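Here are the chains, one letter per residue:
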Amino acid sequence: MSGQSTYHFKNPAVRWLDSRLPIISAMKVNALDFPTPKNLNYFWTFGGILTLFLGIQIVTGLVLAMHYTAHVDQAFNSVEEIMRDVNYGWLMRYMHANGASFFFIAVYIHIFRGLYYGSYKAPRELLWMIGVVILLIMMATAFMGYVLPWGQMSFWGATVITNLFSAIPLVGEPIVQWLWGGFAVGNPTLNRFYALHFLLPFVLAAVVFLHIWALHVPGNNNPTGVEVKSNKDTVPFHPYYTVKDFLAVIVFLIVYAAFVFYLPNYLGHTDNYIPADPLVTPAHIVPEWYFLPFYAILRAIPDKLGGVIAMFASIGILFLLPWLDTSKVRSAAFRPLYRQFFWILVLVCFGLGYLGSQPAEGGYVIASQILTAYYFLHFLVILPLLGLFEKTKPLPGSISESVLSKDKGGGPTDGGGGTVAAAAASAPEKRG
Amino acid sequence: MSQIKIATLGLAAAVAVSSALVAAPAFAAGEVKPPKSVHFSFEGPFGTYDRGQLQRGYKVYEQVCAACHSMDLVAFRNLGDPGGPEFSPAEVRVLAAEFPREVVDGPDDLGDMFERPGKPSDYFPPPFPNQAAARASNSGAYPPDFSVIAKARPNGPAYIYSLLVGYEDPPAGMELRDGAYYNSYFPGGQIAMAPPLFDEMVEYTDGTPMTVEQYSKDLSAFLMWTAEPKLEERKRIGFQVMVFLVVLAGLLYFTKKKLWRDVDH
């Protein structure tokens, strides 16, 4: 990202610019020639997909902001005016609303990819932690964005979530009033949420820049979890991964477009087409789908403060993950037990998501408590112990070696690590 | 190691059991009856509105529902928009002028508000000046605005249709609130709105049967249009976008394949 350019450009104008501000060579180093492991699978394309979605959200959001009115009496109708009277306003709004959902689909796949392949381990701890910061900013932004249409779920969602802060002992009540700018969710709340919803995506963009910077120091992890040993293990980012990422982006956009054009309201809640009414509480207040697992954790704890702490801890614990996982081996492909626990965790997260959508009563609460307990058990007990007791499979000597052995008839690297390692061992002549 | 494997299985079983615990009370909380299954022309990726149906639906709204239900977000001009009922400009002018209520305009030169016949640029004039007046005229119940109602209820058009044809006698032993009617499609089962539609109530001139069922269907379609006036444009552009993306994905697939052919990966 910095330092003296080692490139020699023929074009004198480019040379003039680059010798004063090495932006061209920085692009060349980081975006074109960047050495990237040649065995990345399609789960590695979600970084690019996420960057695109940040762009989509900012562009569509800017257009919406030009037509939206942040006032409790006009917000709902101004959104409907966008839907009816602004040229392609319906397209901008549906792209933005569904864009938020697909942003989260992509980020969750991206996070679980990191969990599966141990991408959070040294030397990528900071890269991972910056990623958790990105997740938190995304969640705050999405929450405040959902308030802006000022429908019933906007209003009551905002009321429930801001009220969480009242659980803080002693200063809870003043803090909530400070957040609201009044004694209830009202016009000052809507205005500040709008201001913050506009600001945070740009903060997000800056943190994404740091995320990519931190990525480009150690380079990508890969499905074997074995570090790059020589340039035989890598290919230049362009054209190999630009084309592969482009393909993945388009396939992802096909699914996104199916929702935008054919099921635009499927992921939303019908109550949000009812204008906000502080006097009528909806039967079930539920957040957007991407918050449901956290909502289930919040409601699993009978104590309000305890629930709030558990919910924030469920994300906070991810900051400690690089040190909670004691295993020396990164990739789940070579960790037979971790692989099973990984998939259980995936199921538990889906289960929590389902429970978050159900009323907090009877069996739902008990189930939420079991799954919440397991969630924390996974990070606090299972991961530290696994690293000590798990018998991992032998790692391939290098990325090239694992790739070559796969070509010789072994199973796929992902999920079939054993055969890869075995084949590598039986073909020692390929080593080096 | 096999012990740990058993522990894993045990945990998986715990997860499964807790999920099963959950499944039991799924219908416990007095949920509403799911709406009847009914087919509309605007369903599916290529569905479009039936112009005749939207025009009939407008007639039902104007002659029956508009007495209590406002439609603040729809203007008379919208009735002539492409992708809607597509009344001709002349028809839109007549419909605006002949709406059951006049439009409140002003202030005039003397500072007074006055009433005048509607114009295409006017929004549908509301039946009540405010919510309190609406409640006072409807034994405390507030007739909701109809602009986006089809999107504000789960499975909107089918729900509206089911509600309108779903009035029946209350089950034996059920005590109805004062002025309430039994309708099993309405959350709670008791609705303040009297059965609004009767056979032969609104005159159709195109030979369509004049039944409650047909009125309900036409009105549901009309309300879907008021809630989603750009549905046809959306699906048309959607198809173009899909074709473009699928072709591009195909080209990229082969490009990627050729590019990576000589790389072991």
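The shown structure was predicted, so the numbers you read here are calculated from the model rather than taken from an experiment.

Caption draft 1: Summary view of the overall build of chain A. On a plain count of helices and strands, chain A comes out with 16 helices and two strands. For 432 residues, the compact-globule estimate of 2.2 N^0.38 gives 22 Å, and chain A sits close to it at 24 Å. In terms of principal-axis extent, the alpha carbons of chain A reach across some 75 × 60 × 45 Å. The buried share of chain A, taken over its 432 residues, is 54%. For chain A, the proportion of contacts with a sequence separation of at least 24, taken over those separated by at least 6, is 78%.

Caption draft 2: Geometry of the overall build of chain B. What chain B contains, in helices and strands, is seven helices and four strands. Within chain B, residue pairs in contact and separated by at least 24 positions form 61% of the contacts whose partners lie at least 6 positions apart. Accessible surface for chain B amounts to roughly 14100 Å². Of this, 59% is attributable to carbon and sulfur atoms.

Caption draft 3: Seen up close, the side chain of His378(A). Residue and element names in this part refer to chain A. Mapping His 378 onto the fold places it in helix α14 (residues 363–389). On the accessibility criterion, His 378 (1% relative accessible area) is buried. Not counting residues up to four positions away in its chain, the partners in contact with His 378 are Tyr 338, Phe 341, Phe 342, Leu 345 and Leu 383.

Caption draft 4: Quick look at the interface of chain B and chain A. In this complex, chain B contributes 49 residues to the contact, which on the side of chain A involves 56 residues. Between chain B and chain A we count one salt bridge in total. Note that Arg77(B) is salt-bridged to Asp85(A), the shortest N-O span being 3.3 Å. Here chain B is connected to chain A by 10 residue pairs in polar contact (both at pLDDT 80 or more). Counting residues per element, the ones that place at least two in the side of chain B that touches chain A are α1 (2–23), α6 (212–227) and α7 (231–260) of chain B. Partitioning the side of chain B that touches chain A into residue classes produces 30 nonpolar, seven polar and 12 charged.

Caption draft 5: Representation of the packing of aromatic side chains within the structure. Following the criterion strictly, the structure yields 48 aromatic pairs over all chains and no others. Ring centres of Phe342(A) and Trp343(A) lie 4.9 Å apart, and the angle between their planes is 80 degrees; on these two criteria the pair is classed as edge-to-face. Given a relative accessible area of 49%, Trp343(A) falls into the partly exposed group. Through a chain of ring-to-ring contacts, three or more aromatic side chains come together here, namely Tyr58(B), Tyr61(B), Phe76(B), Phe87(B), Phe99(B), Phe124(B), Phe146(B), Phe222(B) and Trp225(B). Lying across the ring of Trp44(A), Arg113(A) places its NZ or CZ 4.5 Å from the centre. Geometry around Trp260(B) places Lys244(A) over its ring, the cationic atom sitting 5.5 Å from the centre.

Caption draft 6: Looking closely at the confidence of the model for chain B. Put simply, chain B has an average pLDDT of 90, and 88% of its residues get 70 or more. Below a pLDDT of 50 lies the segment residues 17–30 of chain B, which in the model reaches 13 contacts outside its immediate sequence neighbourhood of four places, other chains included.

Caption draft 7: Seen up close, the nonpolar core. If you look at the biggest cluster of nonpolar residues, it comprises 178 residues, and the most contacted ones within it are Phe104(A), Tyr61(B) and Leu79(B). Residue assignment places this core across two domains, with domain 1 (29–219 + 236–285) and domain 2 (288–391) of chain A each supplying three or more. If we ignore the near neighbours within four places in the chain, the residues touching Tyr61(B) are Ala66(B), His69(B), Ser70(B), Met71(B), Phe99(B), Phe124(B), Phe146(B), Leu219(B) and Phe222(B).

Caption draft 8: View of helix α2 (residues 23–32) of chain A. All names here are of chain A. All of the buried residues along α2 are Ser 25, Ala 26 and Asn 30. On an axial view of α2, the arc spanned by its buried residues comes to 115 degrees, and they lie on one face. Where α2 is buried, its residues meet α1 (12–20) and α9 (187–216).

Caption draft 9: Representation of the layout of surface pockets within the structure. All names here are of chain A. Estimates place the volume of the second largest pocket at around 1200 Å³. Sorting the residues of the lining of the second largest pocket by element identifies α2, α3 (46–67), α5 (89–116), α6 (125–147), α9 and α10 (237–262) as the ones contributing at least two each. Residue classes in the lining of the second largest pocket are distributed as 27 nonpolar, 16 polar and four charged.

Caption draft 10: Representation of the confidence of the model for chain A within the structure. Here chain A averages 92 in pLDDT, and 93% of its residues register 70 or above. Across residues 409–432 of chain A, confidence stays below pLDDT 50; counting only partners more than four residues off in sequence or on other chains, it has 39 contacts.

Caption draft 11: View of the environment of Ala158(B). Residues and elements named next belong to chain B. Along the chain, Ala 158 falls in helix α5 (residues 156–165). Taking C-alpha positions, Ala 158 is 8.5 Å from Lys 217, a pair spaced 59 residues apart along the chain. Apart from residues no more than four positions distant in its own chain, Ala 158 is found in contact with Pro 35, Lys 36, Val 38 and Phe 40.

Caption draft 12: Fine view of a nonpolar patch on the surface. Residues and elements named next belong to chain A. A cluster of nonpolar side chains, namely Trp 16, Leu 17, Leu 21, Ile 23, Ile 24 and Met 27, defines an oily patch on the protein surface of about 570 Å² accessible area. Taken together, the elements giving at least two residues each to the nonpolar patch come down to α1 and α2. Tallying contributions element by element places α2 first for the nonpolar patch, with three residues. As for its position among the elements, Trp 16 is in helix α1.

Caption draft 13: Structural view of the pattern of salt bridges. Tallied over the entire structure, the rule returns 16 salt bridges over all chains. Its salt-bridge partner being Asp122(B), residue Arg116(B) comes within 2.9 Å of it at the nearest N-O pair. Take Arg116(B): its relative accessible area is 15%, and that puts it in the buried class. A single salt-bridge network, built from bridges that share partners, covers Lys121(A), Asp325(A), Arg335(A) and Glu390(A).

Caption draft 14: The arrangement of the domain arrangement of chain A in detail. All names here are of chain A. What the domain assignment reports for chain A is domain 1 (29–219 + 236–285) and domain 2 (288–391). Averaged C-alpha coordinates put domain 1 and domain 2 at centres separated by 22 Å. Across the contact, 37 residues belong to domain 1 and 33 residues belong to domain 2. Both sides of the domain 1 and domain 2 interface together cover about 3200 Å² of buried area, and 72% of this is carbon and sulfur. Looking only at domain 1, the three residues that lose the most surface to domain 2 are Tyr 116, Lys 121 and Leu 164, adding up to 22% of its buried area. At the boundary of domain 1 and domain 2, one finds one salt bridge. Close ionic contact of Lys 121 with Asp 325 constitutes a salt bridge, the shortest N to O distance being 3.2 Å. For the interface between domain 1 and domain 2, the tally reads 14 residue pairs in polar contact (both at pLDDT 80 or more). Elements with a minimum of two residues in the side of domain 1 that touches domain 2: α5, α6 and α7 (152–163). Among the elements that line the side of domain 1 that touches domain 2, the one with the most residues is α6, at 11 residues.

What counts and how
Residues numbered from 1 in each chain as written. Chains lettered and ligands numbered in written order. Predicted model: local features only at pLDDT ≥ 70, side-chain atom pairs only at ≥ 80, totals over all residues. Heavy atoms only, no water. Helix = DSSP H or I, 4+ residues; strand = E, 2+ residues; numbered from the N terminus. Rg over C-alpha atoms; globule rule 2.2 N^0.38 Å. Buried < 20%, exposed > 50% of the residue type's maximum accessible area, 1.4 Å probe, protein only. Contact = heavy atoms within 4.5 Å. Areas by Shrake-Rupley, 256 points an atom, 1.4 Å probe, with all protein chains shown as cover. Salt bridge = Lys/Arg side-chain N within 4 Å of Asp/Glu carboxyl O. Polar contact = N/O pair within 3.5 Å; in protein donor to acceptor, adjacent residues only side chain to side chain. Nonpolar A, V, L, I, M, F, W, Y, C, P; charged D, E, K, R; others polar. Phe/Tyr/Trp six-rings, centres within 6.5 Å; stacked < 30°, edge-to-face > 60°. Lys NZ or Arg CZ within 6 Å of the ring centre and 35° of its normal. pLDDT = per-residue confidence, 0-100. Core = buried A, V, L, I, M, F, W, Y, C linked by side-chain atoms within 4.5 Å. Domains from an automatic or database assignment. Arc of directions from axis to C-beta. 1 Å grid on protein atoms, 1.4 Å probe; cavity = no way out; pocket = protein on both sides within 12 Å on 5 of 7 lines; lining within 4 Å. Points joined across faces, edges and corners; volume = space filled by probe spheres on them. Patch = residues over 30% accessible without salt bridge, like charges linked within 9 Å, V, L, I, M, F, W, Y side chains within 5 Å. Buried area = accessible area lost by both parts, 1.4 Å probe.

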